[in-house]
Amino acid sequence: MRLWLAPLDGITNFQFRNCLCRHVGGIDNFITPFLPVQEKSKLNVRKWKDLWPRNNACRPTTPQLMGNNPAHFLDTLNELHQEYGYTSFNWNIGCPVDQVVRRTRGCGVMPHPDIVESVVRAVTEQTPYHFSLKMRLGLHDKSESLQILDKMQDYPLEYIVIHPRLGEQLYEGVPDLDAFQECLNHTAHRVVYSGDVWTVGDYERLQERFPSVQDWMLGRPILCNPFLAEEIKEMDTGDVKERFLRYYQHYADELLETRKEKSTLFILKELWHYYASFAGIDASELKTLLRINDFSPFFALSLEYLR
Ligand SMILES: Cc1cc2nc3c(=O)[nH]c(=O)nc-3n(C[C@H](O)[C@H](O)[C@H](O)COP(=O)(O)O)c2cc1C
């Protein structure tokens, strides 16, 4: 069994991933948040700090890309290989954000199996790289994933990550496990499950229901409980409160090294929606914290909540 860190745009940046690797065990694979593929004349991958090898202590880390044009994929993958040596890439066809979908990117690609096939054909036939997909059940209808999976049978994908919700659902409702089973029935590819594995119990129930799945991706649940991967693997977690504090302080320091206090504050505030349950604070305590607009008092109160 292997555990993966899900890409979370705006959250699982390289500083986050490095802190996680340094302070927490149990995660075997890392996928970065998405970056846009572009044609060669517009590409400047040297600006993509999130992929600089010296910024990436967690191995293996796979760059995730977004787009819909085969030529742009070839240009971008070749450039990333030449500059940084990456040999495996993931394609995001699951992002449900409206302005992404409207440009036929992310989940907006899912109603167009021909676009999926044209990109996958180009990459698998014209490059030596490993290539994988990360998708949902569809944008509007779960038949979309089945059509794509049927088409993908002919191509040597490395794996397919499936988050069993529709794009139009965003993160509402619960993952559709019957539909996930249907997906499994439509593919011989290695499938990575992604979605709502909040506890060890959730993992055990899912593993029992889908015994052929060996790969499990954790996103928001790792934010709520960074030690979840260790718990799933039955590792000795020790004093998690103490360890969380060190992890949190280290992460804030890392952010402050490369960002202004305002931007660090913005990121930490976002995370506190997830940290609140770990810290054991109630809604009004969280509200008090999130109302603070200066970094120093915010950080001081957040440390108090964690102690
Ligand atoms: C804030 C946020 C950002 C996300 N960014 C990405 C992304 O960049 N690429 C991607 O493939 N999925 C992205 N996702 C989807 C997650 O990778 C994951 O599939 C989804 O959150 C369900 O898993 P979870 O319940 O373990 O969080 C994002 C989800 C959230 C909540």
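Every value quoted in this text rests on a predicted model; they were computed, and no experiment measured them.

Some thoughts on the nonpolar core
Here is step 1: Residues Trp91, Phe131, Leu133, Tyr248, Leu268 and Trp272 are the most contacted members of the largest nonpolar core, which totals 99 residues.
Here is step 2: Viewed by domain, this core spans two of them, domain 1 (2–232) and domain 2 (240–306), each represented by three or more residues.
Here is step 3: By size, the runner-up hydrophobic cluster in this structure holds seven residues, among which are Trp4, Tyr159, Val161 and Val192.

A look at the pattern of salt bridges
Here is step 1: Within the structure shown, the criterion is met by 17 salt bridges.
Here is step 2: Arginine 2 serves as the salt-bridge partner of aspartate 215, at 2.8 Å between the closest nitrogen and oxygen. In this pair, aspartate 215 sits in strand 8 (residues 215–218) while arginine 2 sits in strand 1 (residues 2–5), placing the two residues 213 residues apart along the sequence.
Here is step 3: With a relative accessible area of 1%, aspartate 215 lands in the buried category.
Here is step 4: Salt bridges here are not isolated pairs; linked through shared partners, they connect Asp114, Glu117, Arg121 and Lys151.

Topic: the pairing of strand 1
Here is step 1: Across four bridges, the pairing between strand 1 and strand 8 is parallel. From the neighbouring strand, leucine 3 faces strand 8, where its bridge partner is tryptophan 216.
Here is step 2: The sheet contact formed by strand 1 and strand 2 (residues 29–36) spans two bridges and is parallel. Counted as the bridge partner of leucine 5 is phenylalanine 30 from strand 2.

Quick word on the sheet that holds strand 4 (residues 88–93)
Here is step 1: If you walk around this closed barrel you meet the eight strands as 1-2-3-4-5-6-7-8, and the pairing is parallel. For this sheet the average axis-to-axis angle between neighbouring strands, irrespective of direction, equals 30 degrees.
Here is step 2: Examined bridge by bridge, strand 7 (residues 191–194) and strand 8 share three bridges and lie parallel to one another. Note on strand 8: the bridge partner recorded for valine 192 is aspartate 215.
Here is step 3: Sitting on the sheet, helix 5 (residues 143–152) is in contact with strand 4, strand 5 (130–138) and strand 6 (160–166), with an inclination near 155 degrees to strand 5.

Focus on the packing of aromatic side chains
Here is step 1: If you walk through the whole model with that rule in mind, you get 21 aromatic pairs.
Here is step 2: Between tyrosine 248 and phenylalanine 299 the ring centres are 5.4 Å apart and the planes differ by 25 degrees, which places this aromatic pair in the stacked class. Taken as a pair, tyrosine 248 in helix 10 (residues 240–258) and phenylalanine 299 in helix 13 (residues 295–306) lie far apart in primary sequence, 51 residues in all.
Here is step 3: Tyrosine 248 gets classed as buried once you look at its relative accessible area, which sits at 0%.

A short note on the domain arrangement of the protein chain
Here is step 1: The domains assigned to the protein chain are domain 1 (2–232) and domain 2 (240–306).
Here is step 2: Taking only C-alpha atoms into account, the centre of domain 1 sits 28 Å from that of domain 2.
Here is step 3: At the interface, 17 residues of domain 1 touch 18 residues of domain 2.
Here is step 4: Of the roughly 1700 Å² buried at the junction of domain 1 and domain 2 (both faces included), carbon and sulfur atoms supply 65%.
Here is step 5: By the criterion of area lost to domain 2, the three top residues of domain 1 are Gln15, His23 and Phe227, representing 33% of everything that side buries.
Here is step 6: Summed over the shared surface of domain 1 and domain 2, the result is one salt bridge.
Here is step 7: Between arginine 243 and glutamate 230 there is a salt bridge whose closest N-O contact spans 2.7 Å.
Here is step 8: Linking domain 1 with domain 2 are five residue pairs in polar contact (both at pLDDT 80 or more), by the criterion used here.
Here is step 9: Of all the secondary-structure elements, those providing two or more residues to the side of domain 1 that touches domain 2 are helix 1 (14–23) and helix 8 (220–224).
Here is step 10: Element by element, the count of residues in the side of domain 1 that touches domain 2 is highest for helix 1, at six residues.

Cut-offs and rules
- Residues numbered from 1 in each chain as written.
- Predicted model: local features only at pLDDT ≥ 70, side-chain atom pairs only at ≥ 80, totals over all residues.
- Heavy atoms only, no water.
- Core = buried A, V, L, I, M, F, W, Y, C linked by side-chain atoms within 4.5 Å.
- Buried < 20%, exposed > 50% of the residue type's maximum accessible area, 1.4 Å probe, protein only.
- Domains from an automatic or database assignment.
- Salt bridge = Lys/Arg side-chain N within 4 Å of Asp/Glu carboxyl O.
- Helix = DSSP H or I, 4+ residues; strand = E, 2+ residues; numbered from the N terminus.
- Pairing = 2+ DSSP bridges.
- Axes fitted to C-alpha atoms, helices over the stretch in contact; angles between N-to-C directions.
- Contact = heavy atoms within 4.5 Å.
- Phe/Tyr/Trp six-rings, centres within 6.5 Å; stacked < 30°, edge-to-face > 60°.
- Buried area = accessible area lost by both parts, 1.4 Å probe.
- Polar contact = N/O pair within 3.5 Å; in protein donor to acceptor, adjacent residues only side chain to side chain.

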